[in-house]
Amino acid sequence: MSKEVIVGRQGTQSITIQTDTVSRHHCKITDNGDGRYTVENLSPVGTIVNGHKIVHTTVTADTVLQLGPVFRATVAELM
C-alpha cells in the first residue's frame, strides 16, 4: 500500500510550512514502495524539481523540491 502526503501550509507533511508563498495544498507526494516517489504539482505557484516546474515526476528521497520562490526541502524531510 502506498503512502500519500499532501504538502503545503495545511498539508499532511512531517514538517511545518509557514511560508506565505507556499500554497495550502502545494503538491502531493506518493511513495511508490520501490525507493521512488511520484510528485504531483497542485499549485498555480508551481513545484520545481532540478530547476524545472513539473506537473508530475518520479524522484528519490534525496531529491530537493522547491515550492514557490523560497521554500526548499527534500522528499525525505517532507514524508
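Residues numbered from 1 in each chain as written. Predicted model: local features only at pLDDT ≥ 70, side-chain atom pairs only at ≥ 80, totals over all residues. Heavy atoms only, no water.

Right, let's talk about the nonpolar core for a bit. Note that soluble globular proteins tend to have their nonpolar side chains buried in a common cluster. Ranked by internal contacts, the top residues of the largest apolar core, which has 18 residues, are Val7, Ile29, Leu65, Leu67 and Leu78. Secondary structure elements with two or more residues in this core: β1 (4–7), β2 (27–31), β3 (36–41), β7 (64–67), β8 (71–74) and α1 (75–78). (Core = buried A, V, L, I, M, F, W, Y, C linked by side-chain atoms within 4.5 Å. Buried < 20%, exposed > 50% of the residue type's maximum accessible area, 1.4 Å probe, protein only. Helix = DSSP H or I, 4+ residues; strand = E, 2+ residues; numbered from the N terminus.)

Take the sheet that holds β2 next. Spatial strand order, β1-β2-β3-β6: four strands in an open sheet with antiparallel pairing. The open sheet has two edge strands, β1 and β6 (56–60), and neither has a second partner. Direction aside, the axes of adjacent strands within the sheet are offset by 25° on average. Pairing between β3 and β6: five bridges, direction antiparallel. Bridge pairing in β6 places Tyr37 opposite Val59. (Pairing = 2+ DSSP bridges. Axes fitted to C-alpha atoms, helices over the stretch in contact; angles between N-to-C directions.)

Turning next to the pattern of salt bridges. Counting across every chain of the model gives three salt bridges. Linking Glu40 and Lys28 is a salt bridge whose minimum nitrogen-to-oxygen distance equals 3.7 Å. On the criterion of sequence distance, the pair formed by Glu40 in strand β3 and Lys28 in strand β2 is long-range, its members being twelve residues apart. Judged by its relative accessible area of 32%, Glu40 falls in the partly exposed class. Between Arg36 and Asp34 there is a salt bridge, with the nearest N and O atoms lying 2.9 Å from each other. (Salt bridge = Lys/Arg side-chain N within 4 Å of Asp/Glu carboxyl O.)

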